[in-house]
Amino acid sequence: MKEIILYRHAEAETPDGGRPDHERRLTPKGRTTAQLVGSRLRVHNVIPERVLCSDARRAVETAELSAETAGVPAAPERVPELYTGGADEYIGIFADQPAELNRVMVIGHNPVVEEVLERFTGAHRRMRPGEAAVLQFVLADWGLIAADHSATLIGVLPNEPPSAGQSPITHITDRTSADA
């Protein structure tokens, strides 16, 4: 089994804030959301072995905050193609992952995140800033990954704190590393 945590960066400053798009920072809400996602990953034992992110500042901040809070052992890696590329580039990046890895988190941008999610699952789902979809593939090797509706959407980490009595992760059950 292979898993991808496909993550739209958290809420960023508006484009009219005077910074170039590539340099836009997370808002305070975005920073909180990124830490919340990392906390939920840790609580539900859905820790990525590798974190790849767009080189845009808002994606890097999202990756760093989430990875640190989740307890990911390695620093996030910046991949410029996650800023400039389309769905085919994202899928190519997934296909190039080392065989020994089973779970990779990728932080990117819309509309590409939504397009990749739809190509993998066959269903359109709106991804708000700070949402991460956990996708599972029945594959032994990343090189076999294809956008052929072969993924199972295990769950989505919502970008808002849950209300009283609401589960913090939709449809994700607690798992150990051996289960993944």
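You'll find the structure just up there.
A.B. asks: Explain the overall build of the protein to me, please; I cannot follow it from the model alone.
C.D. replies: Secondary structure assignment for the protein yields 5 helices and 6 strands. Along the protein, helices (α) and strands (β) appear in the sequence β-α-β-α-β-α-α-β-α-β-β when read from the amino end. The 180 residues of the protein split such that 47% are buried. When contacts within the protein are restricted to residue pairs at least 6 apart in sequence, those whose partners lie at least 24 apart make up 74%. For the protein, the exposed area adds up to about 8,300 Å²; of that, 51% sits on carbon and sulfur atoms.

A.B. asks: What's the story with the nonpolar core in this structure? I'm lost.
C.D. replies: Membership of the largest hydrophobic core comes to 27 residues, with the highest contact counts inside it found for Ile 4, Leu 6, Phe 94, Val 116, Phe 120, Phe 137 and Ile 145. When residues of this core are traced back to their parent elements, those giving at least two are strand S1 (2–8), helix H4 (87–95), strand S4 (103–108), helix H5 (112–121) and strand S5 (132–137). Among residues more than four places away in sequence, those in contact with Leu 6 are Phe 94, Val 106, Val 113, Val 116, Leu 117, Met 127, Glu 131, Ala 132, Ala 133 and Leu 135.

A.B. asks: It is not clear to me how the sheet that holds strand S2 (residues 50–53) should be interpreted in this structure. Could you clarify?
C.D. replies: Hydrogen bonds along the backbone pair up the strands of a sheet, which may run parallel or antiparallel. Strand order across the open sheet formed by 6 strands is S3-S2-S4-S1-S5-S6, with mixed pairing between neighbours. Among the strands making up the open sheet, the edge pair consists of strand S3 (77–78) and strand S6 (152–157). Both S5 and S6 contribute to a ladder of 5 bridges, which runs antiparallel. Across the sheet, Gln 136 pairs through a bridge with Thr 152, a residue of S6.

A.B. asks: When you look at the packing of H4 against H5 in this model, what are you seeing that I'm missing?
C.D. replies: Each pair of packed helices can be described by the angle between their axes along with the distance between the axes. Where H4 contacts H5, the axes come no closer than 9 Å and their chain directions differ by 65°. With respect to each other, H4 and H5 are oriented roughly perpendicular. By crossing handedness, the relation of H4 to H5 is classed as right-handed. Contacts from Ala 87, Asp 88, Tyr 90, Ile 91 and Phe 94 of H4 reach H5 at Val 112, Val 113, Glu 115, Val 116, Arg 119 and Phe 120.

A.B. asks: Help me understand the pairing of S5, please; the structure alone is not making it clear to me.
C.D. replies: Walk down a regular strand and you will see the side chains alternate between the two sheet faces. Extensive coverage of S5 is indicated by the burial of 6 of its 6 residues. Every second residue of S5 is oriented toward a common face, with Ala 132, Val 134 and Gln 136 on one face and Ala 133, Leu 135 and Phe 137 on the other, all of them buried. Relative to S5, S1 is paired through 6 bridges, and the arrangement is antiparallel. When the bridges of S5 are listed, Lys 2 appears paired with Phe 137.

A.B. asks: Help me out: how do you make sense of the packing of aromatic side chains in this one?
C.D. replies: In this description, a pair of aromatic rings is defined by centroid distance and the angle of the planes. Tallied over the full model, the rule gives 2 aromatic pairs. Each ring, one from Phe 94 and one from Phe 120, has its centre 5.8 Å from the other, and the planes form 40°; the classification is tilted. In this pair, Phe 94 sits in helix H4 while Phe 120 sits in helix H5, placing the two residues 26 residues apart along the sequence. Side by side, Phe 94 and Phe 120 carry an identical accessibility label, which is buried. Between Phe 120 and Phe 137, the aromatic rings sit 4.9 Å apart at their centres with planes inclined by 80°, giving edge-to-face as the arrangement. With a gap of 17 residues between them, Phe 120 in helix H5 and Phe 137 in strand S5 connect regions that are remote in the sequence. Residue Phe 120 shares its accessibility class with Phe 137, and that shared class is buried.

A.B. asks: Would you mind showing me how to read the side chain of Arg 24 here?
C.D. replies: Summarising the element assignment, Arg 24 is placed in the loop between S1 and helix H1 (28–43). We classify Arg 24 as buried; its relative accessible area is 10%. A polar contact is formed between the side chain of Arg 24 and the backbone oxygen of Glu 13, at a distance of 2.6 Å. With sequence-adjacent residues up to four places away left out, Arg 24 is seen in contact with Ala 12, Glu 13, Thr 14, Pro 15, Arg 19, Arg 57 and Arg 58.

What counts, and at which threshold
Residues numbered from 1 in each chain as written. Predicted model: local features only at pLDDT ≥ 70, side-chain atom pairs only at ≥ 80, totals over all residues. Heavy atoms only, no water. Helix = DSSP H or I, 4+ residues; strand = E, 2+ residues; numbered from the N terminus. Buried < 20%, exposed > 50% of the residue type's maximum accessible area, 1.4 Å probe, protein only. Contact = heavy atoms within 4.5 Å. Areas by Shrake-Rupley, 256 points an atom, 1.4 Å probe, with all protein chains shown as cover. Core = buried A, V, L, I, M, F, W, Y, C linked by side-chain atoms within 4.5 Å. Pairing = 2+ DSSP bridges. Axes fitted to C-alpha atoms, helices over the stretch in contact; angles between N-to-C directions. Parallel < 35°, antiparallel > 145°, perpendicular 65-115°, else oblique. Left-handed = near helix turned anticlockwise from the far one by under 90°. Phe/Tyr/Trp six-rings, centres within 6.5 Å; stacked < 30°, edge-to-face > 60°. Polar contact = N/O pair within 3.5 Å; in protein donor to acceptor, adjacent residues only side chain to side chain.

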